[in-house]
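Residue-level listing of the chains:
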Amino acid sequence: MGPRGIAVGLRAGLAAIVAVAASACSSFDPRVGPSQESCGVEALGATTATTSAGYGYGTTTSHMTPTTCQADAGAACDDCESKWCCSTRLACYEDPVCACADHALDACIAAAGGNASALGACWSTFANVGTVEAARVACQVAWCQQACAIP
Amino acid sequence: MSSRGLLLAIALGALLALARWQPALAFDEEHNFAGSAQIDYHVVPSEPGSAVAPSPYTTFQGFTFEAALKVAVDISEHLSANVKACYGCHGFEMDMAYFDLRAADELNLRVGRFSPSFGAFNLRHDPANHMTSDKPLPYDMGRMLRKGDWNNGVLPAPFPTNGAELDGTHWIGNTAQLDYAGYVVMAFKNDTDPDPTDLNFQESHLNDYLTSDPRPAAGSRLALTLKAGDRADITLGASGMFGTYDPNDRLTYAIVGGDFALRVGRTALRMEYLVRRQQMDVTNPDIFKYAIAPVDGDFFAKHGAYAEVEQPVTDALDLLARADGMYRVGNVSNAAVGSGNETAAYSPLSYRSWVARETLAIAYAVERNLRFKGSLELWEFSYPDQAGRETELSFHVGAVGSF
């Protein structure tokens, strides 16, 4: 057996140990949500720029804070939220994580098809993503629960 | 009896046992002076960083130098002191400054600054004590490629800190040796970042020997060595360490590991595996590459392992083959450790990232205490660098001396 064979054998052994250890203990198996770069939603006011920072990473995104709320015409929930919950709404769209979660919320609501239980789960999941999401839902519940059909 | 009461009883028992003996009336104090130095030249033909100014976030190339001076003093039959100062990539450091108060082989109290007992490589971390120029990846402290992406190894060695350790060795007949250690020490830190997501090893270096994190870390090690005559022995060990690393003592880290060593004649086989579970502050989701999962989303796990075979060819020539790697799973912060959570750029790591390396090394002793080292390393990454490379090659040429 040559050096390459020894190396391949050692690597296979190590990979087996790591795989067993990783799968044996769920407390060492973290989870993540969707990638901020891959959910297809660009955060509000985002501009793309290239950086050559010493960290060695690639493209970065910086954010500019929008100053106005613009409601979607004809959408009761959006109109209400823009009128009464402007700051929490914009805060969500400025936050790439929240923007992704909002995208997922829209899909979840569409899939729920009016089922109150499923709708409740959609909103609960969204609110549990983080503080920005929770603040947005809290305001919507306070001011726009009927318009947004929040169970 | 509660666990806290049991610990108190054990500690009191240990102190009483240490206080029992009578100091020797006459003892000639003994001094030992030792030292080592390694100069190494690292070449990475494929590294994009080689074309630009050196950066602490990419790869160290060119010459690096490590040196250490150690004084060991046997003050009495039961008391000894060790002081070791070293010089490395980040300047002068105090690697050791401790007293050993030994009641018996089975009971020794160590107090001061030292690397607590964890794993098998800890004992060989000095460059004079291993055949390669660099350390295995789980213990890497900045010599690895793309070190900024990984924030070094699982447990960069050495890891000196301040505290106390109770350890000992018990022989079971002539064939078995049981080693144990338990310690409380100053924990790793990250006091720089408002929302810490990983350990900041720079804060364990000189000028930062104090901490604003009041809670100590605790750990232990157990190892069993079985000897089959003079020609062979086998060692199995297990280690664990737990602590918090932020000023508010909210974020935990836990490191566990196992090690195995087999020596037959002059051939040595060594294997080690360790994993660090690192809790992250997820109150600011903006700095993360992925949305925070509501369950099990506030930590990452960093696995590391190595296996190596060391084979002397002649009295002067040694060969070593090593395979090592790391595997990181969990959310990724886009803010470099120590940056104050400034998200200057996106991390290239993904939810599951790995690095593997194969090393062939040679060491030739021109004199008993002077050895030339050379190694060839093949690196494989799960993600491409800026030039699109997932495979890289590096070379080490160096010399190490000891006295």
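In this report, the structure presented in the accompanying data block is examined. Computed from a predicted structure; not experimentally measured. (Residues numbered from 1 in each chain as written. Chains lettered and ligands numbered in written order. Predicted model: local features only at pLDDT ≥ 70, side-chain atom pairs only at ≥ 80, totals over all residues. Heavy atoms only, no water.)

## Comments concerning the overall build of chain B
Here's step 1: Secondary structure assignment for chain B yields 2 helices and 16 strands.
Here's step 2: The burial tally for chain B puts 53% of its 403 residues in the buried class.
Here's step 3: Sequence separation of at least 24 residues holds for 62% of the intrachain contacts in chain B that already meet a minimum separation of 6.
Here's step 4: Working note: accessible area of chain B is about 17700 Å², and carbon and sulfur atoms make up 62% of it. (Helix = DSSP H or I, 4+ residues; strand = E, 2+ residues; numbered from the N terminus. Buried < 20%, exposed > 50% of the residue type's maximum accessible area, 1.4 Å probe, protein only. Contact = heavy atoms within 4.5 Å. Areas by Shrake-Rupley, 256 points an atom, 1.4 Å probe, with all protein chains shown as cover.)

## Here we look at the pattern of salt bridges
Residues and elements named next belong to chain B.
Here's step 1: Following the criterion strictly, the structure yields 28 salt bridges over all chains and no others.
Here's step 2: A salt bridge links Arg 221 to Asp 259, with the nearest nitrogen and oxygen atoms 2.8 Å apart. Of this pair, Arg 221 sits in strand 8 (residues 217–228) while Asp 259 is found in strand 10 (residues 252–264), placing the two residues 38 residues apart along the sequence.
Here's step 3: Classification of Arg 221 by relative accessible area gives buried; the value is 14%.
Here's step 4: Judged by relative accessible area, Asp 259 falls into the buried class, the value being 6%. (Salt bridge = Lys/Arg side-chain N within 4 Å of Asp/Glu carboxyl O.)

## Re the state of the cysteines
Here's step 1: Inspection of every chain in the model, using the stated rule, returns 5 disulfides over all chains.
Here's step 2: Put simply, Cys77(A) and Cys148(A) are joined by a disulfide, and their sulfur atoms are 1.9 Å apart. On the sign convention where negative is left-handed, the bridge of Cys77(A) and Cys148(A), at about 90° about the S-S bond, is right-handed. Highlighted residues: Cys77(A) in helix 2 (residues 76–84) and Cys148(A) in the segment after helix 6 (131–144), separated in sequence by 71 residues.
Here's step 3: Paired through a disulfide, Cys85(A) and Cys139(A) show a sulfur-sulfur distance of 2.1 Å. Since a negative S-S torsion denotes a left-handed disulfide, the Cys85(A)-Cys139(A) link at about -90° is left-handed. Of the two residues, Cys85(A) is situated in the loop between helix 2 and helix 3 (86–94) and Cys139(A) in helix 6; the sequence distance between them amounts to 54 residues.
Here's step 4: We note that Cys86(B) lacks a disulfide partner, and the nearest cysteine sulfur, in Cys89(B), lies 11 Å from it.
Here's step 5: With a relative accessible area of 18%, Cys86(B) lands in the buried category.
Here's step 6: By relative accessible area, Cys89(B) is classed as partly exposed at 44%. (Disulfide = S-S within 2.5 Å.)

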